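As a plain string of letters, each chain reads:
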Amino acid sequence: MMASSYTAKEEDGHHSGSAAAGGPGSSKSKKPDNTAFKQQRLPAWQPILTAGTVLPAFFVIGLIFIPIGIGLFVTSNNIREFEIDYTGVDTNSPCNRCSQTYSWNISCTCSVPFSLEQPFESNVFMYYGLSNFYQNHRRYVKSRDDSQLNGDKSSLTNPSKECEPYRISEKKPIAPCGAIANSLFNDTLELYYIYPNGSRTLIPLVKKGIAWWTDKHVKFRNPPGNNDNLTITFQDTTKPVNWHKPVYELDPNDPDNNGFINEDFIVWMRTAALPTFRKLYRIIQKNKDNMTPTLPRGNYSLEIAYNYPVRSFDGRKRMILSTISWMGGKNPFLGIAYITVGSVCFFLGVVLLIIHHKYGNRNNNADIPN
Amino acid sequence: MLRRRINLLFGGDEKRVDSRTIYVGHRPCPATEAFIPPKFCDNRIVSSKYTIWNFLPKNLFEQFRRIANFYFLIIFLVQVIVDTPTSPVTSGLPLFFVITVTAIKQGYEDWLRHKADYEVNKYPVIVLEDGRSIRKESEKIKVGDIVEVVEDETFPCDLILLQSTRDDDTCFVTTASLDGESNHKTHYTVPDTEKDLQSLNATIECEQPQPDLYKFVGRMHIYKTDQEPAVRSLGPENLLLKGATLKNTKKIYGVAVYTGMETKMALNYQGKSQKRSAVEKSINAFLLVYLCILISKAVVCTTLKYVWQSQDGQDEPWYNEKTQKEKDTYVYLKMFTDFLSFMVLFNFIIPVSMYVTVEMQKFLGSFFITWDKDFFDPEIQEGALVNTSDLNEELGQVEYVFTDKTGTLTQNNMEYIECCIDGFQYRNSDSMSELDGFCVTDGPVSKLQQKAGRDKEELFLRALCLCHTVQVKEAGPDEIDSDQVDGLVSELSQPDEQRGFIASSPDEVALVKGAMKHGFTFLGLENKSMKIRNRENNVELYDLLHVLNFDPVRRRMSVIVRSKSGETLLFCKGADSSIFPRVRQEEVDRIRMHVERNATEGYRTLCVAYKQLSPEEFAVADAGLRDARLALQDREEKLMAVYNQVETSMSLIGATAVEDRLQEEAAETMEALQGAGMKVWVLTGDKMETAKSTCYACRLFQRGTELLELTVRTLEDGGRKREERLHELLLDYHKKAVQDAPPVKAGVTRSWSTANQEYGFIVDGATLSLVMNPSPDTNSSRYKSLFLQICQNCTAVLCCRMAPLQKAQIVKMVKNSKGSPITLSIGDGANDVSMILEAHVGIGIKGKEGRQAVRNSDYAIPKLKHLKKLLLAHGHLYYVRIAHLVQYFFYKNLCFILPQFLYQFFCGYSQQPLYDAAYLTMYNICFTSMPILAFSLLEQHIAIEYLLDNATLYREIAKNAMLKWGPFLYWTVLGIFQGLLFFFGVKYLFSNPALQDNGQVFGNWSYGTIVFTVLVFTVTLKLALDTRHWTWINHFVIWGSLAFYVFFSFFWGGIIWPFLKQQRLYFVFANMLSSVSAWLVIILLILLSLLPDILLMVFRKPRGPHARQLSEGSLLQTARSLPSPRCPTSI
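Residues numbered from 1 in each chain as written. Chains lettered and ligands numbered in written order. Predicted model: local features only at pLDDT ≥ 70, side-chain atom pairs only at ≥ 80, totals over all residues. Heavy atoms only, no water.

### Comments concerning the overall build of chain A
As a reminder, the rule being used: Numbering of helices and strands starts at the N terminus; helices are DSSP runs of H or I of at least 4 residues and strands are runs of E of at least 2. Partly exposed residues are those whose accessible area sits between 20% and 50% of the maximum for their type, while under 20% is buried and over 50% is exposed, using a 1.4 Å probe and protein chains only. When checking whether two residues touch, look at their non-hydrogen atoms; a contact exists if any pair is within 4.5 Å. Only the protein chains shown count as cover for residues, with accessible areas throughout obtained via the Shrake-Rupley method and a probe of 1.4 Å.
Within chain A, the regular secondary structure consists of eleven helices and ten strands. When burial is assessed residue by residue, chain A has 53% of its 370 residues classed as buried. A sequence separation of at least 24 residues applies to 78% of the contacts in chain A between residues at least 6 apart. Accessible surface computed for chain A: about 16200 Å², of which carbon and sulfur atoms make up 56%.

Here is the structure:
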């Protein structure tokens, strides 16, 4: 259909002269070029995957994957992780009261005691985890205005339509607008180490370095203006409905962590992939002396300013303490998967070898190209 | 369609008038009161579809009439109107791309048509105006203009011949480009017109334009100042058709009667009906499956969404309130828009780009046929021609080959071999050397003088010299050589034969030349008298009184001549079957033996008879012929009656044998085709014996082949009624060939071993029409199915004595039989056009019988031997390529969209896309399109030489093997497997989203990007695994695509894009690469997804040139002994 429906008209022409009428190609009547491409004779590599060539590959894969898998598995197992659910669903759990008498205005605190069986060496990362929280819901994911968060002046006062219904409140534009910002996780978690003698000490939590560097430094920007006084910058806007305090008071002590570039905020704004997720909350730096573990064995108490309601949608809240390796957090999946795949490959290699040896040994020389 | 348009355009105002009046030279005539210049259309040919102004709307309209485009348009509109997960750009851009590419292609083709039209329309012609010759553009010719045409020019419009430079007021014309007849036809000027065209005052009244080339009725009124107007009748012999070429005549003048789109040629121009390939049908079937998958996915998601939402707190949790608009929407409407949204989200499963890629593959791929230098024939200086690229892959699917005999299997290059005069054989000893293999068994070969009486010899040779319609080319030797290209004259290069002959059939030339070898030379026709030079070098003159033309029904032709001595003689030559009943029986027996022997040797035989006409007899015949010629009605029938009456009681003087040599490598080609599992049917108009011997020579019939004959002869054997005998024979043959034959599985496994008895079937035209259209009382349909079953169980079928239409009938019958096998017709002549058009694939041979077959074919090749490579190599490769292309496209889109579907279960059925919009859009356009396109153009899973050497490989792809449901299922399962793997592999990884070594977590876009990266790499590497033929182009596009993906991802995530509302992918890709776990999971998943393929490849029987030793070896055993899954790609 594409080639030449127009050739049919060739004969109309008087120009065709007497001889050699025909298609447009042939009217020139040239011998086709003898090029490798046109004759489909381009030099080509013709790999043949036969049992003979694939067999070594299986063994090699097996030999590479199994050690990697073991390494991953061991690494993952060496990662200390502690997880505690503080939602307070259970009637006798400490936060049960808070979870029931929930109201946005009243701050409720509860404390959950726990003990670590093993010490946590090196840096410890503190996560909060939410379950059944659909941060990946489409309506939710798109409910943000990235140009507002990037410090665009006009978007600050006129947020994107996508932010509806969290766009305007009390006739003022919301900064930051949208459902994601509005539902910023606002529980405050504090960790106390309880000495065997009963006294307790607050473990210092670092709140920097929890967000992606590029997010913190490029993607999220405060609107231009007086950096020391964000109040003025945000004066024409109002706080998100569910927030206790405006965005410029997220961290009033540190101008580098206030406003849109507050790291807790940035972390929250990176929507999670699955309804059960964790987000980095704080980092517990390892001790300077490097002699004692960051979190020694013993009893701890998690003090929670319980603000964030999850029971209405059957959600759960968790606090996770974890050390981190080169592969990230604890996840046995990769190690197991690698070991499995490696073993399967190895096994297949053995099976193939047996088959090949049994039935195909007469063809061994056949792999030599003729 | 064109005709309809013309009717619309021009028919309107002329509807009521059934004739038109033309004023010759636009001169007003005294008879008519008022001279109103009538309005006719101008001489512009418009074959183009579009103009600059209507191109856009018209082209768009036509494109959106295609169901696929329309579907994508709907999706696009849904995205624009409804709030959908992906922006309209994601589906709008590919659609725009597709539409633009197609529009450019069609625009280009139309531009070419415009250009061709322009050339035709602007071609300079000479028009006589007021006594002066004026150069004009062809399109400016108006009806009534007097046009001058010189030799070898084509006529610019339909002309009534007024004047010719030839003395006898005739001109010669070939209509090869109109009807394929390449002989010279004589046309006559209007009798008794004035020589001075300037003073000619005349009108022509003729019928309105109609497409029949051979019909024309008109009247010419010639006005002279002092006389009554004279009336001359005009017939087709006065009409010169546009498109025909003037030959052997210096110059003619004619008046234009039909111009432009009203010419008979334009009215006959019709677009070929679209042939669709089996692959396209498969695509549509698969599409339907995917549409079902798509709809069911959308339905499942919509249902689950509302089930899920009905739970407490899930529909609208406090953190994710609905907008006011959403709250207000009616629930059922919301369900519907949700359904549409899901459709939009998953619509990528039906690949827009597949259509573009398939079209590009076909278009670009067809160039390899035209480029192939093996198809180049040095004799005609031409290669293969592709008229349609839609059927490339069909070349790999052919099950039945219908071939013409003359000019296709044989060269149609006639050579006089011998003659038989009065029962004595004369063989030209010169040509003996060329005739090795054909030995003469009876009678010594000796000089001409030693046999029959001298009188008889000379009579016979005179008959050969006189009884024909050959013309002598009146030109010097140089020109003769140049004119050879026309293919009319052969063997002019021989130095001793400088005379060029032109004839409608090569047999005639051969015979005249044969006579020349025996000393009688035809010198030409002058003033209605034929000159021949006899052995004594004396010139004899014969007045040519009548020519009783050849026609396929009579199968003979005659001339009536008067010698100088006043004798009136009728010479007749024709097929034995048509001559024998008309001569005295005792003469027949002497000659019949020779004729039959010659026929079995594969020669074309003609019998020559003569009759002396007494003056009375001649007077009767002459009157009868004249009357019949002038008859206005039933002229043909009347002529026929007179012919039959005259050609009786003749005496047989001899017979001739002319060899039509086999085409080069005809036997090898036929053998290869049969080896490839194709059934070859020879359909010919020739007689059975000749055709049979050709079949033997082509090795279509072998020694062991049992021939089942169903011809008039066998029917009349029993002496009973034909119908009864037919019934009996059919049942008998059916029993033999169908019932007793061991059960064979369809197509592929049909054994070609010699163990089975092979059958050849011979049927002739008369019997065929009995089978096809039996008398009403017999059980007709039964015959047909019996016949078909017999035919299908025979290795070769020979149908002789076929009319062109019967050829098409046979093709149609096979085409519509059970399993609808793919048919291919190959022929070279105008009589093959019907079967070429009827078959799935029509192949034209650029032979001697004009260009008609080539023009109507889908592919044209110079020689029969090229068919082997065209089918076994090109066809095979094209099929494999496109089949792989189609399967791969569906597969790659399935595993593209499946993770997105699965993601819905984890995002509250909210239509959240897993991938970023850029990825969604670019996946099919940029990341994965080029490798498969390159693959589908360059792949040679088996080397071409190997394909040619092993015809049986063709059987492996027979019956659309690679696009059956089995392979489709394999690809689909593979796609599902990989889709599941991608999604859940990454999901398990994300059970702890802290994947970086600084404890930071990944979000949903990282999730999508990891899945997408695995996806792009897997589908590309899957293709790499399937690629058996790695040229640098494959390397370039495969690795280039992957590199481009990586590069693009960096680039896309590296900048805050000012025009984007959301910076979703900002540094996502870079962060992903900084995570070791992401790397590890990507490698793992790619490897795991490819594992099934690698495994299959190991168990697969190795192919290709390297497999030569392996294939017969015991590795086959290995493959069999394993529970190896049948791999559809293992071609």
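### Things to note about the packing of helix 31 (residues 929-938) of chain B against helix 35 (residues 1032-1054) of chain B
Two numbers describe a pair of packed helices, the interaxial angle and the distance between the axes. Residue and element names in this part refer to chain B. This is how it is decided: Orientation is described by axes fitted as lines to C-alpha atoms, over the contacting stretch for helices, and by angles from 0 to 180 degrees between their N-to-C directions. Should an angle fall under 35 degrees it is called roughly parallel, over 145 degrees roughly antiparallel, and 65 to 115 degrees roughly perpendicular, with every other angle called oblique. Crossings are sorted by hand: turned counterclockwise from the far helix by less than a right angle, the near helix makes the crossing left-handed, and turned clockwise it makes it right-handed.
Taken N-terminus to C-terminus, the directions of helix 31 and helix 35 make an angle of 165°; their axes are 8 Å apart at the nearest point. Considering the angle they form, helix 31 stands roughly antiparallel to helix 35. The handedness of the crossing between helix 31 and helix 35 comes out as left-handed. Where helix 31 approaches helix 35, its residues Met930, Pro931, Ala934, Phe935 and Leu938 are matched on the opposing element by Ile1033, Asn1034, Val1037, Ile1038 and Ser1041.

### Thoughts on the interface of chain B and chain A
Cut-off, in case you're wondering: Buried area adds together the accessible area that both of two parts lose upon being put together, with accessible area traced by a 1.4 Å probe. For salt bridges, the criterion is a side-chain nitrogen of Lys or Arg within 4 Å of an Asp or Glu carboxyl oxygen. Polar contacts here mean pairs of N or O atoms no more than 3.5 Å apart (in protein, one a potential hydrogen donor and the other a potential acceptor; neighbouring residues in sequence count only if both atoms are side-chain atoms). In this classification, the charged set is Asp, Glu, Lys and Arg, the nonpolar set is Ala, Val, Leu, Ile, Met, Phe, Trp, Tyr, Cys and Pro, and all remaining amino acids, among them Gly, are polar.
Between chain B and chain A, the residue contacts involve 145 residues of the former and 121 residues of the latter. Between chain B and chain A, a total of about 11700 Å² is buried, with carbon and sulfur atoms accounting for 59% of that surface. Our enumeration of links across chain B and chain A arrives at three salt bridges. Note that Glu945 of chain B is salt-bridged to Arg41 of chain A, the shortest N-O span being 2.6 Å. In this assembly, chain B and chain A are joined by 36 residue pairs in polar contact (both at pLDDT 80 or more). Among the elements that take part in the side of chain B that touches chain A, helix 37 (residues 1076-1099) of chain B stands out by supplying 14 residues, more than any other. By residue class, the composition of the side of chain B that touches chain A is 65 nonpolar, 48 polar and 32 charged.

### Structural notes on the UniProt feature "transmembrane region" (unreviewed entry) in chain B
Residues and elements named next belong to chain B. To keep things clear, this is the line we draw: UniProt positions are given in the numbering used here, feature names are shortened, and annotations may be inferred rather than shown by experiment.
UniProt's entry tags residues 64-82, 285-308, 339-358, 918-938, 968-990, 1005-1024, 1036-1057 and 1077-1099 with the feature "transmembrane region" (unreviewed entry), counted in the numbering of this structure. Regarding residues 968-990, the helix share stands at 96% and the strand share at 0%, and the terminal C-alpha atoms are separated by 33 Å. Helix makes up 86% of residues 1036-1057 and strand 0%, whereas the separation of the span's terminal C-alpha atoms amounts to 30 Å.

### Some remarks on the pattern of salt bridges
All names here are of chain A. All chains considered together, the criterion is met by 50 salt bridges over all chains. Among the salt bridges present, the one from Arg270 reaches Asp215, with a minimum N-O distance of 3.2 Å. In this pair, Arg270 sits in the loop between helix 10 (263-269) and strand 8 (277-284) while Asp215 sits in helix 8 (residues 213-219), placing the two residues 55 residues apart along the sequence. In this structure, Arg270 and Asp215 share a single accessibility class: buried.

### Some remarks on the environment of Lys869 of chain B
Structurally, Lys869 of chain B can be placed in helix 29 (residues 866-904). The class for Lys869 of chain B is buried, based on a relative accessible area of 7%. In this structure the C-alpha to C-alpha distance between Lys869 of chain B and Thr669 of chain B, which are 200 residues apart in sequence, comes to 9.0 Å. Excluding its chain neighbours within four sequence positions, the residues that come into contact with Lys869 of chain B are Arg41 of chain A together with Asp372, Asp374, Phe375, His874, Ile944 and Leu948 of chain B.

### Re the confidence of the model for chain B
Residue and element names in this part refer to chain B. Here is the rule: Every residue is assigned a pLDDT by the predictor, reflecting its confidence on a scale from 0 to 100.
Chain-level statistics for chain B give a pLDDT mean of 79 and a share of 84% at 70 or above. Contacts from residues 1-16, a stretch scored under 50 in pLDDT, to residues over four places away or in other chains number 17 contacts. Taken over the whole predicted complex, pTM reads 0.79, whereas the ipTM for its chain interfaces reads 0.90.

### Remarks on the domain arrangement of chain B
The condition that has to hold: Here the bounds of each domain stem from an automatic or database domain assignment.
For chain B, the assigned domains are domain 1 (141-268), domain 2 (353-368 + 873-1098), domain 3 (385-409 + 663-737 + 758-861) and domain 4 (413-430 + 522-660). Between domain 1 of chain B and domain 2 of chain B, the C-alpha centre-to-centre distance is 65 Å.

### Re the sheet that holds strand 3 (residues 124-131) of chain A
Residue and element names in this part refer to chain A. We count it as follows: We call two strands paired when DSSP finds no fewer than two bridges between them.
Spatially, the four strands line up as an open sheet ordered 1-10-3-8, and their pairing is antiparallel. Pairing within the sheet leaves two strands with one partner each, and these edge strands are strand 1 (81-85) and strand 8. Ignoring strand direction, the axes of neighbouring strands in this sheet form an average angle of 20°. Inspection of the sheet shows strand 3 paired to strand 10 (residues 316-323) by eight bridges, in the antiparallel sense. Note that in strand 10 the partner of Leu130 across the bridge is Lys317.

### A few points about the packing of aromatic side chains
Put simply, the rule reads: Between the rings of Phe, Tyr and Trp (Trp by its six-membered ring), a pair exists once the centres lie within 6.5 Å; its type follows the angle of the planes, with under 30 degrees stacked, over 60 edge-to-face, and the other angles tilted. As a reminder, the over-ring test applies to NZ of lysine and CZ of arginine, requiring each to be within 6 Å of the ring centre and within 35 degrees of the ring normal.
As enumerated under the stated definition, the model contains 98 aromatic pairs over all chains in all. Ring plane angle 65° and centroid distance 6.3 Å describe the contact between Tyr903 of chain B and Phe983 of chain B, whose orientation is recorded as edge-to-face. In this pair, Tyr903 of chain B is assigned in helix 29 and Phe983 of chain B in helix 33 (residues 965-989), connecting sequence segments 80 residues apart. With 5.9 Å between their ring centres and 50° between their planes, Phe927 of chain B and Phe1044 of chain B make a pair best called tilted. Of the two residues, Phe927 of chain B is situated in helix 30 (residues 917-927) and Phe1044 of chain B in helix 35; the sequence distance between them amounts to 117 residues. Note that Arg282 of chain A overlies the ring of Tyr281 of chain A, its terminal NZ or CZ placed 4.2 Å from the centroid. Taking NZ or CZ as reference, Arg881 of chain B lies 5.6 Å from the ring centre of Tyr878 of chain B, over its face.

### A closer look at the domain arrangement of chain A
As far as domains go, chain A holds domain 1 (51-67 + 334-359) and domain 2 (80-324). One C-alpha centre belongs to domain 1 of chain A, the other to domain 2 of chain A, and the line joining them spans 47 Å.

### Concerning the state of the cysteines
Residues and elements named next belong to chain A. Formally: Whenever a pair of cysteine sulfur atoms sits within 2.5 Å, that pair is classed as a disulfide.
Applying the stated criterion across every chain, the model contains three disulfides over all chains. The disulfide partner of Cys95 is Cys110, and the gap between their sulfur atoms is 1.9 Å. Because the sign of the S-S torsion sets the handedness, a value of about 85° for the bond joining Cys95 and Cys110 places this disulfide among the right-handed ones. Taken together, the residues Cys95 in the loop between strand 1 and helix 3 (96-100) and Cys110 in strand 2 (residues 108-116) connect sequence positions 15 residues apart.

### Brief notes about the UniProt feature "transmembrane region" (unreviewed entry) in chain A
According to UniProt, the positions carrying the feature "transmembrane region" (unreviewed entry) are residues 48-74 and 333-355 of chain A. Here residues 333-355 of chain A is 100% helix and 0% strand, with 32 Å between the C-alpha atoms at its ends.

### Digging into the nonpolar core
Under the convention used in this document: Residues belong to one nonpolar core when they are buried, are Ala, Val, Leu, Ile, Met, Phe, Trp, Tyr or Cys, and are joined through side-chain atoms within 4.5 Å.
Of all hydrophobic cores here, the largest spans 203 residues; its most connected members are Trp268, Leu302 and Leu321 of chain A. The element contributing the most residues to this core is helix 29 of chain B, with 18 residues. Residues contacting Leu302 of chain A, with those up to four places away along its chain left out, are Ile84, Tyr86, Cys110, Ser111, Val112, Phe114, Met126, Leu189, Glu190, Leu191 and Met319 of chain A. Grouped together as the second largest cluster of nonpolar side chains are 53 residues, Ala666, Leu673, Met678 and Leu938 of chain B included.

### With respect to a nonpolar patch on the surface
Residues and elements named next belong to chain B. Our working definition: Patches draw on residues past 30% relative accessible area with no salt bridge. Two like charges within 9 Å are joined, as are two nonpolar side chains (Val, Leu, Ile, Met, Phe, Trp, Tyr) within 5 Å.
A cluster of nonpolar residues, Phe70, Ile74, Leu77, Val80 and Ile81, forms a patch on the protein surface that exposes about 470 Å² of accessible area. Assignment of secondary structure puts Val80 in helix 3 (residues 67-81). According to the relative accessible area criterion, Val80 is partly exposed, its value standing at 47%.

### Remarks on the packing of helix 29 of chain B against helix 31 of chain B
All names here are of chain B. At a closest axis distance of 8 Å, the pairing of helix 29 and helix 31 adopts a crossing angle of 160°. As far as their axial angle goes, helix 31 and helix 29 are roughly antiparallel. Seen along the crossing, helix 29 lies across helix 31 with a hand that is right-handed. Across from Arg881, His884, Leu885, Tyr888, Phe889 and Lys892 in helix 29, the residues of helix 31 making contact are Ser929, Ile932, Phe935, Ser936, Leu937 and Leu938. Grouping the constituent residues of the contact of helix 29 with helix 31 by class yields seven nonpolar, three polar and two charged.

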